[in-house]
Amino acid sequence: MAVVVLLAAGAVLALLLQSRHDVDREARNRSVAVAQTFAHSPGLREALRSPDPSKVLQPLTEVTRKDAGVDFIVVMDTRGIRYTHPLPDRIGKRFVGTIGPSLAGRVHTESVQGPLGKEIQAVVPVFADRDGGPVVALVSAGLTVNNVTGVFDRQLPVILGASAAGLALATAGAALISRRLRRQTHGLGPLEMTRMYEHHDAVLHSVREGVLITDGGGRLLLANDEAKRLLGLPPDAEGQHVGQLSGLDRHLADLLLSRRVATDEVHEAGERLLVINQRPTRPGGGPEGTAVTIRDSTEMRVLSTRAEAARKRLKLLYDAGVGVGTTLDVERTAQELADVAVPRFADFATVELAEAVLHGDEPGDAAPHLLRTGFSGIRDDVPLYPRGKLIGFVPSTPQARGLSSGRAELISDLTDAPGWYAQEPERAQAILDYGVHSLITAPLKARGVVLGLVNFWRSHRPDPFDEEDLSLAEELVARAGVSVDNARRFTREHALAVTLQRSLLPRDLPEQSGVEVAHFYLPAQSGVGGDWFDVIPLPGSRVALVVGDVVGHGLHAAAAMGRLRTAVLNFSSLDLPPDELLARLDDLVQYIDQGDEGGADGGLVGATCLYAVYDAVTMRCTVARAGHMPPALVRADGTVEIPELPAGAPLGLGGLPFESTELQLTEGTQLVLYTDGLVEDRTRDIDEGLDLLRSALAGAGPRPQETCRAILDVLLPERPRDDVALLVVRTSALAADRIAEWEVPFHASAVAAMRSRAVAQLEKWGLSELAFGTELVLSELITNAIRHGAAPVRVRLLFDRVLTCEVFDSSSSSPRLHYAATTDEGGRGLFLVAQISRRWGARYTPEGKVLWSEQPVPDPEGSD
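Residues numbered from 1 in each chain as written. Predicted model: local features only at pLDDT ≥ 70, side-chain atom pairs only at ≥ 80, totals over all residues. Heavy atoms only, no water.

Draft legend 1. Geometry of the overall build of the protein chain. In terms of regular secondary structure, the protein chain is built from 23 helices and 30 strands. Looking at the protein chain residue by residue over its 864 residues, the buried ones come to 46%. In the protein chain, once contacts between residues fewer than 6 apart in sequence are set aside, the share between residues at least 24 apart is 60%. Surface exposure of the protein chain reaches about 43,300 Å², of which carbon and sulfur atoms provide 54%. (Helix = DSSP H or I, 4+ residues; strand = E, 2+ residues; numbered from the N terminus. Buried < 20%, exposed > 50% of the residue type's maximum accessible area, 1.4 Å probe, protein only. Contact = heavy atoms within 4.5 Å. Areas by Shrake-Rupley, 256 points an atom, 1.4 Å probe, with all protein chains shown as cover.)

Draft legend 2. Seen up close, the pattern of salt bridges. Applying the stated criterion across every chain yields a total of 34 salt bridges. For Glu516, the salt bridge goes to Arg703, with nearest N and O atoms at 2.3 Å. Note that Glu516 is positioned in strand β16 (residues 515-522) and Arg703 in the loop between α19 (686-698) and α20 (704-715), a separation of 187 residues in sequence. Under the relative-accessibility criterion, Glu516 is labelled partly exposed at 23%. A network of salt bridges, in which partner residues are shared, links Lys315, Asp319 and Arg344. (Salt bridge = Lys/Arg side-chain N within 4 Å of Asp/Glu carboxyl O.)

Draft legend 3. Seen up close, the confidence of the model for the protein chain. Averaged over every residue, the pLDDT of the protein chain is 83; residues scoring 70 or more account for 89%. Throughout residues 598-602 the model reports pLDDT below 50, and contacts reaching past four residues in sequence, or to other chains, amount to eight contacts. Confidence drops under a pLDDT of 50 for residues 820-826, and excluding neighbours within four residues, the segment shows five contacts in the predicted structure. (pLDDT = per-residue confidence, 0-100.)

Draft legend 4. Seen up close, helix α14 (residues 425-434). Of the positions making up α14, those classed as buried are Ala428, Ile431 and Leu432. Down the axis, α14 shows its buried residues gathered within 100° of arc, on one side only. In α14, the exposed positions that point more than 90 degrees away from the buried face belong to Glu426 and Asp433. Tucked inside the fold, the buried residues of α14 contact α13 (418-421). (Arc of directions from axis to C-beta.)

Draft legend 5. Representation of the pairing of strand β3 (residues 117-129) in the model. With seven bridges joining them, strand β2 (residues 108-114) and β3 adopt antiparallel strand pairing. Its bridge partner being in β3, His108 is matched across the sheet by Val123. Here β2 folds back onto β3, and the loop between the two strands holds two residues. Judged from the ten bridges that link them, β3 and strand β4 (residues 132-144) form a sheet pairing that is antiparallel. The residue of β4 that forms the bridge with Asp129 is Gly132. (Pairing = 2+ DSSP bridges.)

Draft legend 6. Just the nonpolar core, in detail. Ranked by size, the top nonpolar core spans 43 residues in total, and within it Leu337, Phe345, Leu353, Leu444, Phe456 and Leu476 carry the most contacts. Looking at this core, the elements that each hand over two or more residues are α9 (301-323), α10 (330-341), β10 (348-354), α11 (355-358), β11 (370-377), β14 (438-446), β15 (449-458) and α15 (467-504). With eight residues, α15 is the single largest residue contributor to this core. Ignoring anything within four residues of it in the chain, the contact list for Leu337 reads Val324, Val351, Leu444, Val454, Leu476 and Ala480. One finds Leu770, Ile786, Cys805 and Leu851 within the second-largest nonpolar core, a separate group that totals 28 residues. (Core = buried A, V, L, I, M, F, W, Y, C linked by side-chain atoms within 4.5 Å.)

Draft legend 7. Spatial organisation of a negative patch on the surface. A cluster of like negative charges, contributed by Asp466, Glu467, Glu468 and Glu474, occupies part of the molecular surface. In this structure, Asp466 sits in the loop between β15 and α15. (Patch = residues over 30% accessible without salt bridge, like charges linked within 9 Å, V, L, I, M, F, W, Y side chains within 5 Å. Lys, Arg positive; Asp, Glu negative; His and termini not counted. Charge placed at Lys NZ, Arg CZ, Asp CG, Glu CD.)

Draft legend 8. Focus on the side chain of Gln335. For Gln335, the position within the fold is in helix α10. In this view, Gln335 contacts Thr373, Gly374, Phe375, Ser376 and Arg387; residues no more than four positions away in its chain are not counted.

Draft legend 9. Region of the structure containing the sheet that holds strand β30 (residues 848-856). Taken in spatial order, the five strands line up as β26-β27-β28-β30-β29 in an open sheet, and their pairing is antiparallel. Each of the sheet's edge strands pairs with one partner strand only, and the pair in question is β26 (739-744) and β29 (839-845). Sheet twist, expressed as the mean angle between neighbouring strand axes with direction ignored, is 15°. The strands touched by helix α21 (residues 750-765) within the sheet are β26, β27 (793-799) and β28 (802-809), with β26 carrying the most contacts at an inclination of about 170°. Relative to β28, helix α22 (residues 771-788) is tilted by about 15°, and along the sheet it contacts β26, β27, β28 and β30. (Axes fitted to C-alpha atoms, helices over the stretch in contact; angles between N-to-C directions.)

Draft legend 10. A look at the packing of α19 against α20. Between α19 and α20, whose axes approach to 9 Å, the crossing angle comes to 140°. By the angle between their axes, α19 is oblique relative to α20. Our pair here, α19 against α20, has a crossing hand that is right-handed. The segment α19 lies against α20, with Gly689, Leu692, Leu693, Ala696 and Leu697 engaging Thr707, Ala710, Ile711, Val714 and Leu715. Residues of the contact of α19 with α20, tallied by class, amount to eight nonpolar, two polar and no charged. (Parallel < 35°, antiparallel > 145°, perpendicular 65-115°, else oblique. Left-handed = near helix turned anticlockwise from the far one by under 90°. Nonpolar A, V, L, I, M, F, W, Y, C, P; charged D, E, K, R; others polar.)

Draft legend 11. How the structure looks around the pairing of strand β8 (residues 272-281). As paired strands, strand β7 (residues 262-269) and β8 are joined by six bridges and run antiparallel to one another. The residue of β8 that forms the bridge with His267 is Leu274. Counting the residues that bridge the hairpin from β7 to β8 gives two residues, and of these Gly270 lies at a positive phi of roughly 65°. Pairing geometry for β8 and strand β9 (residues 289-296), over eight bridges, is antiparallel. Bridged to Val275 within β9 is Arg295.

Draft legend 12. A look at a positive patch on the surface. Residues Arg179, Arg180, Arg182 and Arg183 make up a contiguous surface patch of positive charge. Structurally, Arg179 is set in helix α5 (residues 145-184). Judged by relative accessible area, Arg179 falls into the exposed class, the value being 56%.

Draft legend 13. Molecular detail of the environment of Pro462. For Pro462, the location among the structural elements is in the loop between β15 and α15. When its relative accessible area of 74% is taken as the criterion, Pro462 is described as exposed. Considering only alpha carbons, one finds Pro462 and Ser438, 24 residues apart in sequence, at a separation of 9.5 Å.

Draft legend 14. Spatial organisation of the sheet that holds strand β23 (residues 661-664). In space, the five strands of this open sheet follow the order β17-β18-β19-β20-β23, with antiparallel pairing throughout. Two strands bound the open sheet, and with one partner strand each, they are β17 (530-538) and β23. Put simply, the sheet's adjacent strands are angled 15° from each other on average, direction ignored. When β17 meets strand β18 (residues 542-550), the two strands line up antiparallel, connected through nine bridges.

Draft legend 15. Quick peek at the side chain of Asp586. Inspection of the secondary structure assignment puts Asp586 in helix α17 (residues 578-595). At 12 Å, Arg584 is the nearest oppositely charged side chain to Asp586, a buried residue that forms no salt bridge. Of the polar contacts made by the side chain of Asp586, one reaches the backbone nitrogen of Gly652; its length is 2.6 Å. Apart from the residues lying within four places of it in its own chain, the contact partners of Asp586 are Pro650, Leu651, Gly652, Leu653, Gly654 and Phe658. (Polar contact = N/O pair within 3.5 Å; in protein donor to acceptor, adjacent residues only side chain to side chain.)

Draft legend 16. A look at unusual backbone geometry. Geometrically, the link from Val342 to Pro343 is a cis peptide bond, its omega value of 5° lying close to zero. Relative to the helices and strands, Pro343 resides in the loop between α10 and β10. With omega at -5°, the peptide bond leading from Ala791 into Pro792 counts as cis. Residue position: Pro792 is located in the loop between α22 and β27. Non-glycine residue Arg259 carries a positive phi angle of around 60°. Here Arg259 shows up in the loop between α8 (250-258) and β7. What makes Arg259 partly exposed here is its relative accessible area of 32%. One non-glycine residue, Met619, adopts positive backbone phi at about 60°. The topology assignment puts Met619 in the loop between β19 (607-615) and β20 (620-626).

This is the structure in structure tokens:
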């Protein structure tokens, strides 16, 4: 009770002092605030410059003083002569207080004995203008000490009343606590309690069995000395939560927190095996808890060591099965084998493979030189051969013996292995000086073929390899050998597929006047697919653009792609419209699938294709697609669009027609054709890929190479799981002065006039050398159109990389070339056309047909 009274008295004194201080500080702050507010009030400077400042300011200060709750507001000049004061007789007299700091432009507060008694006042300067300048007057505001003391006096009853209430509550609380303590100790006095605690402590800490008691929330209430020793608990463990004890094993913590019944359960804690019993308790009907007893079972240590060794061995083999061979890359698999063995089994591990294995082939019978492909160690400065070193082991080394016999060898002490030392004495001595003392070398085999060699080295571990380690190394290497062989076989198949695929893809695309082309192709990392692209010149300053994709990977997909590409080349020579070409290609795929029983031996189980024909004369592009991704257009002004085209069914389904769409392009438009491997990846879907494609094209340059690079920088996956084919075409138009076109009257006499016009046009173009041949070609083609065709007839000459003569008519009948007999009067015209022309032919249009002929243009310098 005395302590409570002292505390209450101290609190009252502190409150009194704090209240007094707060009241004084509040008085000073209010004085400064009122003085500054009045000093900055509008019209103060005008009133000071008036003939009688007191007449103007006295009423204002009185009103402000009453509203602000201060005892006085005094306005004075820079000499301290008052203009205003609550006592009018004090106006014109000198101010009582310090004005020096305020004349210097600062705010000054002080306590003085003034006209109103003991005062707390603030003096602030009044500057010539709002932004500063010299001090032209001073303003003082304040409160009398009597008013300040009155505020404190009003607070004093509240403080004293609250202190009295706190004292009463503290007294009652102390009485209740004393009563509760007496009830909990059952009336025992201090001596009885001390003697009981000493007996309890002597028994608890003298037994050689650990005892723990926890409450229902998992907090440790009691732990004797033996429990702390066995579990490695800190001295201050009592009172902490079981899950937060630093020295307690996680499995034991989970057991203590589970509060389940445990009878003679064996648990591992560091190097000890502990037998634990646990029971839930509710002493005297109180809160729930658990009581735990712990015994040290050292007689099971040998059994535990063997079990742990077996567990580590199984864990190593399991990790090797999961971690070795994650990819079908030979070098990566060799490195994974080295990584999984360090540091759990060896301090250093090296893997050497025959060079043929790295290329996908099997090593020969002769002892090959091995390339160090995998290396892993606890340090990097070991003097072993580095990765990438080609090593030829001398016959006396255990490595050479293992390669020839196919069996692993154990060298427990390298200092007693002269055969190993003979490999390279200086390096061998450096290895021994480094501390490497034990070696296991095991041949890496698969299907009875030795692919390489694996070496395990120990240096920092004092114990050498033993027979159990040798059997573990053999099993580990045997499992890894299957993964290395799988990677080798995949490498071989992948190399064959890539070689086949690249031989089937176009090496150099032909140059065309109407288009500028950039292309990119990347086979999939997991296996070559069947993507392809092509640029095919067509007559009449036209060009066919093709991109396609065969479902699947490997040699089958590459071979199927070659068949489809050859078919498209053949069909394009017939000058078919895109939709009709895809229809014939679809029939071909169905025929192949039927002959190959649905793809069992190379059938086309699925393919897509996009075929487009661009005409440099009309700048129209006719597009049809069979289940393929739509093209993207980049207009000359930079706008990007993916036109809506009829999708069509993938090739091979049959029964569904294909539709063509005609796009009107402008000079400089870029047409982007691609396969789904570019826009689709495991990390994104097709819609996201198309959005990325649009953004990449929006920032691409005007040249196809720039556009191709911009697309690849944004969309190319790091390790593509599907082939990526990209074709970027920039279109241009054939100049108008290189096109000549005339309507032909539908009678035979018009042929001569057409020949004359054509010869005159050739002279303008500087192609007089072709005049004779062109006359013969036009005569035959126009005559055939008039005799066997239908009106209207039209002639067009195109001066591009070749000279093209085209005759249009409205008939769908097409002439054919045949050899005329010696007695025939006609039938030799088309034979002459074929002899004069580099190539000739006919194509059909919605209005009829076109007969065309191409003649090579002479070189400007006269060379052949």
